[in-house]
Amino acid sequence: MLDTQTTKAHPSLLYMVKQVELVVRSHLDELVKPSGITALQYTALTVLERHDGLSAAQLARDSFVTAQSIADLVRSLEGRGLVRRERNPDNRRELLILLTDAARELLARHSGPVRELEEQMVRDLTAHQAEQFRQALSKAWHALS
């Protein structure tokens, strides 16, 4: 009789990455829901927090969404007073997207719970393993970019 545990193939890394992405997004959606935003909107705000004043195309790339999706997302965030658009002084045809003070306050309010979610995700890893995990994810992303 064959041991089914040893003959079953491990799930692919792509499948496992997608599983982690989906569970993180689900938890993040629950964390930011009381503020009336989605995980995707939160992600875009955190991108702007790191690099304020991006074009829509840059924000779409860095937020992992399409140009059409970012247009809708920015309109929604702008309507809520979380971002504003200004003409780029170096290229008057381009609009730059900037965080408002309300967005900075929202991000500050969620920084603790989001950090706790990240800590929960790696709680069974040592600090060294968590850093190796971070580096491995970064290398995997760069390999495919």
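Calculation criteria
- For every chain, the first residue of the written sequence is number 1, and numbering continues from 1 along that sequence.
- Under the rules for a predicted model, residues below a pLDDT of 70 receive no local features and side-chain atom pairs below 80 are neither given nor counted, while totals for whole chains, interfaces and linings still include all residues.
- Only hydrogens and water are set aside when side-chain values are computed; all heavy atoms of the structure are taken into account.
- Strands qualify as paired when DSSP identifies two bridges or more between them.
- Note on conventions: DSSP H or I runs of at least 4 residues are helices, E runs of at least 2 residues are strands, and numbering of each starts at the N terminus.
- Burial status follows relative accessibility: with a 1.4 Å probe on protein chains alone, a residue under 20% of its type maximum counts as buried, one over 50% as exposed, and anything between as partly exposed.
- Pairs of N or O atoms are called polar contacts if they sit within 3.5 Å, as long as, within protein, a hydrogen donor faces a hydrogen acceptor (for residues adjacent in sequence, only side-chain-to-side-chain pairs).
- We call two residues contacting when some pair of their heavy atoms lies within 4.5 Å.
- Only one rule defines a salt bridge in this text: a Lys or Arg side-chain nitrogen within 4 Å of an Asp or Glu carboxyl oxygen.
- With axes taken as lines fitted to C-alpha atoms, and helix axes fitted only over the stretch in contact, angles between N-to-C directions fall between 0 and 180 degrees.
- In what follows, roughly perpendicular refers to angles from 65 to 115 degrees, roughly parallel to angles under 35, roughly antiparallel to angles over 145, and oblique to any angle outside these ranges.
- All amino acids are sorted into three groups, where Ala, Val, Leu, Ile, Met, Phe, Trp, Tyr, Cys and Pro are nonpolar, Asp, Glu, Lys and Arg are charged, and the leftover types, Gly among them, are polar.
- The predictor attaches a confidence to each residue, and that confidence, scored 0 to 100, is pLDDT.

(A) Structural view of the pairing of strand β2 (residues 83-88). Pairing analysis gives six bridges linking β2 to strand β3 (residues 91-99), with the strands arranged antiparallel. Paired with Val83 across the strands is Leu99, a residue of β3. With antiparallel pairing between neighbouring strands as the criterion, β2 and β3 make up a hairpin whose turn holds two residues.

(B) Inspection of the side chain of Asn88 at higher detail. In this fold, Asn88 is placed in strand β2. Judged by its relative accessible area of 10%, Asn88 falls in the buried class. A polar atom in the side chain of Asn88 sits 2.6 Å from the side chain of Glu94. Setting aside its immediate chain neighbours within four residues, Asn88 contacts Glu94 and Leu96.

(C) Representation of the pattern of salt bridges in the model. Taken as a whole, this structure holds eight salt bridges when the rule is applied. With its nearest N and O atoms 2.0 Å apart, the salt bridge here joins Arg84 to Glu86. When salt bridges that share partners are traced, they join Glu118, Glu131 and Arg134 into one network.

(D) Molecular detail of the packing of helix α3 (residues 39-50) against helix α5 (residues 67-79). Their axes nearest at 11 Å, the elements α3 and α5 cross at an angle of 80°. Relative to α5, the element α3 is oriented roughly perpendicular. Contact residues: α3 offers Leu40, Gln41, Ala44 and Leu45, while α5 offers Leu73, Ser76 and Leu77. Taken together, the residues of the contact of α3 with α5 break down into five nonpolar, two polar and no charged.

(E) Quick look at the sheet that holds β2. Strand order in the open sheet made by the three strands is β1-β3-β2, with antiparallel pairing throughout. Edge positions in the sheet fall to β1 (54-55) and β2, since each of these pairs with one other strand and no more. In this sheet, β3 lies alongside β1 in antiparallel orientation, the contact comprising two bridges. Its bridge partner lying in β3, Leu54 is registered against Ile97. Most of the contacts of α3 go to β3, to which it runs at about 110°, and overall it touches β1, β2 and β3. Where α5 meets the sheet, its contacts fall on β2 and β3, and the angle it forms with β2 comes to roughly 115°.

(F) Expanded view of the confidence of the model for the chain. Here the chain averages 93 in pLDDT, while 95% of its residues score no lower than 70. Within the chain, helix α1 (residues 4-7) has the poorest average pLDDT of any element, 55, and helix α6 (residues 101-121) the best, 97.

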